Structure formats: C-alpha cells, structure tokens
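Structure assessment
One letter stands for each residue in the lines below.
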Amino acid sequence: MAAPITHIALTEKVFDKFFKDKIRNDFFIGTSFPDIRYLHVIDRDKTHHNGLSISDLGNDGSFSAGVKFHSILDHAREKFIVENDTYSLCPESKYITQSLKILEDEIFYQHIKDWDIYVDYLNEILLSERDYGIVEKDLEKWHSLLQQYFKKQPNRDSTRDFTLGIGFTKEVSDEINNNIAIMRTNKKIINIIKKLYKNFDSLIT
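Now for a description of the structure that goes with this document. (Residues numbered from 1 in each chain as written. Predicted model: local features only at pLDDT ≥ 70, side-chain atom pairs only at ≥ 80, totals over all residues. Heavy atoms only, no water.)

Focus on the nonpolar core
Generally speaking, nonpolar side chains in soluble globular proteins are found buried as a group. Rules: Nonpolar cores are built from buried Ala, Val, Leu, Ile, Met, Phe, Trp, Tyr and Cys residues. Side-chain atoms within 4.5 Å join them into one set. The cut-offs for exposure are 20% and 50% of the maximum accessible area for each residue type, with area from a 1.4 Å probe on protein chains only; residues under the lower value are buried, those over the upper are exposed, and the others partly exposed. The helix and strand labels rest on DSSP assignments: H or I over at least four residues marks a helix, E over at least two residues marks a strand, and numbering proceeds from the N terminus.
Core analysis: the biggest nonpolar cluster contains 65 residues, and Phe69 and Phe150 have the highest contact counts within it. Mapped by element, the contributors of at least two residues to this core are helix H1 (4–18), helix H2 (24–32), helix H3 (62–83), helix H4 (96–108), helix H5 (116–121), helix H7 (136–150), helix H9 (170–183) and helix H10 (187–203).

Focus: the pattern of salt bridges
For clarity, the cut-off: For this document, the term salt bridge refers to a Lys or Arg side-chain nitrogen within 4 Å of an Asp or Glu carboxyl oxygen.
Scanning the model with the defined rule gives 14 salt bridges in all. For Glu83, the salt bridge goes to Lys79, with nearest N and O atoms at 2.6 Å. In this pair, Glu83 and Lys79 both sit in helix H3, 4 residues apart, roughly one turn of the helix. A salt bridge links Arg130 to Glu136, with the nearest nitrogen and oxygen atoms 2.7 Å apart.

What about unusual backbone geometry?
Positive phi values are uncommon outside glycine, yet His40 reaches one of about 60 degrees. Its location among the elements puts His40 in the loop between H2 and H3. In the Ramachandran plot, Asp85 falls in the positive-phi region, its phi being about 55 degrees despite a non-glycine side chain. Within the element layout of this structure, Asp85 appears in the loop between H3 and H4.

Quick notes on H1
Heads up, the rule is: Multiply 1.5 Å by the residue count of a helix minus one, and that product is the helix's expected span. At any given residue, the bend is defined as the angle formed between two axes, one fitted to the seven residues that end at that position and one fitted to the seven that begin there.
Compared with the 21 Å implied by 1.5 Å per residue over 15 residues, the 20 Å span of H1 between its first and last C-alpha is a close match. Of all the bends in H1, the largest measures some 35 degrees and sits at Glu12.

Concerning the packing of H4 against H9
Rule in force here: Fitting a line to C-alpha atoms yields each axis, with helices limited to the stretch in contact; the angle taken between N-to-C directions then spans 0 to 180 degrees. Here the angle decides the label: under 35 degrees means roughly parallel, over 145 means roughly antiparallel, 65 to 115 means roughly perpendicular, and every other value means oblique. Throughout, a crossing is termed right-handed when the near helix is turned clockwise from the far one, and left-handed when it is turned anticlockwise from it by less than a right angle. Contact definition: two residues touch when any of their heavy atoms are within 4.5 Å. Following the grouping adopted for this structure description, the nonpolar residues are Ala, Val, Leu, Ile, Met, Phe, Trp, Tyr, Cys and Pro, the charged ones are Asp, Glu, Lys and Arg, and the polar ones are all others, Gly among them.
Put simply, H4 and H9 touch, their axes get as near as 9 Å, and they point 60 degrees apart. As far as their axial angle goes, H9 and H4 are oblique. When the axes of H4 and H9 are compared, the crossing they make is right-handed. Here Ile96, Gln98, Ser99, Leu100, Ile102, Leu103 and Glu106 of H4 come into contact with H9, specifically with Ile176, Asn179, Ile180 and Met183. Taken together, the residues of the contact of H4 with H9 sort by class into 7 nonpolar, 3 polar and 1 charged.

And the structure:
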C-alpha cells in the first residue's frame, strides 16, 4: 500500500508509457479514490483488487483503470519494500507502515512540478465515484482532504492534519510524526525509497 502523494508521483512517472489513451483527470481521480475506505464509508474489498497486471486495464474506462492501477501500485510498492528488508531498519511502532508511507510522500513530492493540476482535478466529483454508493458529503470530504494534503510537501503539521482527517487520534498522529523524524535520518531507508521511484517502471511489468 502507498500513501496519496506516492500514488500520484509514481502514477505520473508511468502514465504516458502505459496509459496515454486514458483521460488524465479521470485516471488520477480514480487512482486516488480507493483509499477513501479510510473514512470507513466503504469496504476495502470493493475498491482494491488482487492479481491484476497492466495488460488487464486496456479495455477499462479511465476512472476504472485508475482505480485498478491503485492496487497494482500498492502491490509493487509493498513487494519492493519487503524485499529490501526496509521494515527492519525502522523504529519499532504499531504505526510504522503508515509512517514509512508518509515519509515516501515527503520524498516523492518534489517529483511533481505543478501540484495545482492535481488539486484542480479534485474540484470535480465524478459520476463513477458516486456509483459506489458513497454519500456526497463523504466524497467531498475525501477530495478536500487530498487537496489540502497536496498543496505542500508533507511536514509535521500537514501530516497531523491528514492523519487526523482519516480518523487517527492525536496520539497516533504524534507517533507517526516522531517515527518519520527518526527514519528521515537513516540513509539506508532514504536510499531504498529513492530506488523505489527510480525502478518503479520495471516493478509493474
């Protein structure tokens, strides 16, 4: 699994190579959509898929392909993190997976030159999102949370706001921020994260 900025940055890296026939706006809204589950408004198995490959998405509409690519990215990212024994380098914490994901967001943020494009995409709620049966106020909340999170490189304050927004307590949010501060000083962790971005094309093919 990956956090929201990582989904955008890694998807942008490969979009023109694999998905140039898709509508960018719909695809990126789609690939950001599945983690709305963190608001406890839909079951995970309704937004996440197993055993997919890029070739399975050719006939899908842009939003649907984006939703499915979310899972392809999640699986490739987690496999890479585990194979590089990354968790053994991290501090012990019940929330180390969430902490590592947000550290990745912090590092990958720079790979998108104009975040306003993605913020603007989220001004629109697609009919395809409404088809999942999620009430409008929750769709609006998810879009708003992402927009605020995308506006600047993650820092202690924005990480707190986002984690509180998806339902974590202040104590958990503080623990996540403290974990990130420790991991940020570990060059081995940082290098693994940078290699994830560099090698991502090959990890999904």
